[in-house]
Amino acid sequence: MFNERKLRVKTLVTVFVMVVCATTGDSLMKHGMTQIGPVSLTQSGIIHGLSAAMSSGTIWLAILFLIGFMLSNMTVLSWADYSYVMPASAMGYAAVTFVGVVALGETVSPRRWLGVGLICVGVFLVGQTRPQTTAVMEVAR
């Protein structure tokens, strides 16, 4: 019982880190790419876009946060179900939508807000289940 509670807390903390890193990384990437401008899908356009991105501090910071997301995602997937982690990490979509509106000045339609709300309900329902199946727990013993 104690190990299951410890696993649940550890999983929730790691999912929280994953969502924060993903949201921050995605938002910084959007901000940095907006500063660079549209990238043309020609050889010279791609080279220019890549060199502009590589010289942007915002893009590098975004990459660091996205690496943090990948590391926390791999970590939590090593002890929790995929069917638990992926819906829980979808909470990042709600956070990105909110940050897009507040910090990036984007417009979100009512239909998209409804989708965000449904995602949050799904995350709540998934969060009420155990983070690991009995099959995985039996293998771990």
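(A) Up close: the nonpolar core. Of all hydrophobic cores here, the largest spans 14 residues; its most connected members are Val15, Met18, Val76, Ala80 and Val85. Only α1 (2-36), α3 (57-77) and α4 (82-89) provide two or more residues apiece to this core. Per-element accounting of this core gives the leading share, six residues, to α1.

(B) Layout of the environment of leucine 77. Locating leucine 77 in the fold gives a position in helix α3. Each C-alpha atom, one on leucine 77 and one on valine 15, is 9.7 Å from the other, the two residues being 62 residues apart in sequence. Setting aside residues no more than four positions away along its own chain, leucine 77 makes contact with Tyr82, Val85 and Met86.

(C) View of the packing of α3 against α4. As a packed pair, α3 and α4 sit with axes 9 Å apart at the nearest point and diverge in direction by 150°. On α4, the residues touching Asn73, Val76 and Leu77 of α3 are Tyr82, Val85 and Met86.

(D) Expanded view of the confidence of the model for the protein chain. Confidence in the prediction for the protein chain averages 83 pLDDT; 89% of positions are at 70 or higher. Model confidence for the protein chain, summarised as mean pLDDT per element, is weakest for helix α7 (residues 134-140) at 51 and strongest for α3 at 93.

(E) Local environment of the packing of helix α5 (residues 91-102) against helix α6 (residues 110-127). Interaxial distance between α5 and α6 falls to 8 Å at its minimum, and their mutual angle equals 145°. Considering only the axes of α5 and α6, their crossing is left-handed. Here α5 contributes Met91, Tyr93, Ala94, Thr97, Phe98 and Val101 to the contact with α6, which in turn contributes Arg112, Trp113, Val116, Ile119, Cys120 and Val123. Of the residues contributing to the contact of α5 with α6, the split by class is 10 nonpolar, one polar and one charged.

(F) Seen up close, helix α2 (residues 43-54). If you check α2, its first and last C-alpha atoms are 16 Å apart, about what 12 residues at 1.5 Å a residue would give, namely 16 Å. What α2 keeps buried is the set Gly45, Gly49, Ala52 and Ala53. The buried residues of α2 all sit within an arc of 100° when viewed along its axis, so they share a single face. What points out from α2, more than 90 degrees from its buried face, is the exposed set Gln43, Ser44, Ile47 and Leu50.

(G) Layout of the side chain of threonine 97. Along the chain, threonine 97 falls in helix α5. Of the residues examined, threonine 97 reaches a relative accessible area of 7% and is grouped as buried. Setting aside residues up to four positions removed in sequence, threonine 97 forms contacts with Val108, Trp113 and Val116.

(H) View of a nonpolar patch on the surface. On the surface, Leu61, Leu64, Ile67, Met70, Leu71 and Met74 cluster together to form a nonpolar patch covering roughly 570 Å² of accessible area. Mapping methionine 74 onto the fold places it in helix α3.

Rules behind the numbers
- Residues numbered from 1 in each chain as written.
- Predicted model: local features only at pLDDT ≥ 70, side-chain atom pairs only at ≥ 80, totals over all residues.
- Heavy atoms only, no water.
- Core = buried A, V, L, I, M, F, W, Y, C linked by side-chain atoms within 4.5 Å.
- Buried < 20%, exposed > 50% of the residue type's maximum accessible area, 1.4 Å probe, protein only.
- Helix = DSSP H or I, 4+ residues; strand = E, 2+ residues; numbered from the N terminus.
- Contact = heavy atoms within 4.5 Å.
- Axes fitted to C-alpha atoms, helices over the stretch in contact; angles between N-to-C directions.
- pLDDT = per-residue confidence, 0-100.
- Left-handed = near helix turned anticlockwise from the far one by under 90°.
- Nonpolar A, V, L, I, M, F, W, Y, C, P; charged D, E, K, R; others polar.
- Expected span 1.5 Å × (residues − 1).
- Arc of directions from axis to C-beta.
- Patch = residues over 30% accessible without salt bridge, like charges linked within 9 Å, V, L, I, M, F, W, Y side chains within 5 Å.
- Areas by Shrake-Rupley, 256 points an atom, 1.4 Å probe, with all protein chains shown as cover.
- Salt bridge = Lys/Arg side-chain N within 4 Å of Asp/Glu carboxyl O.

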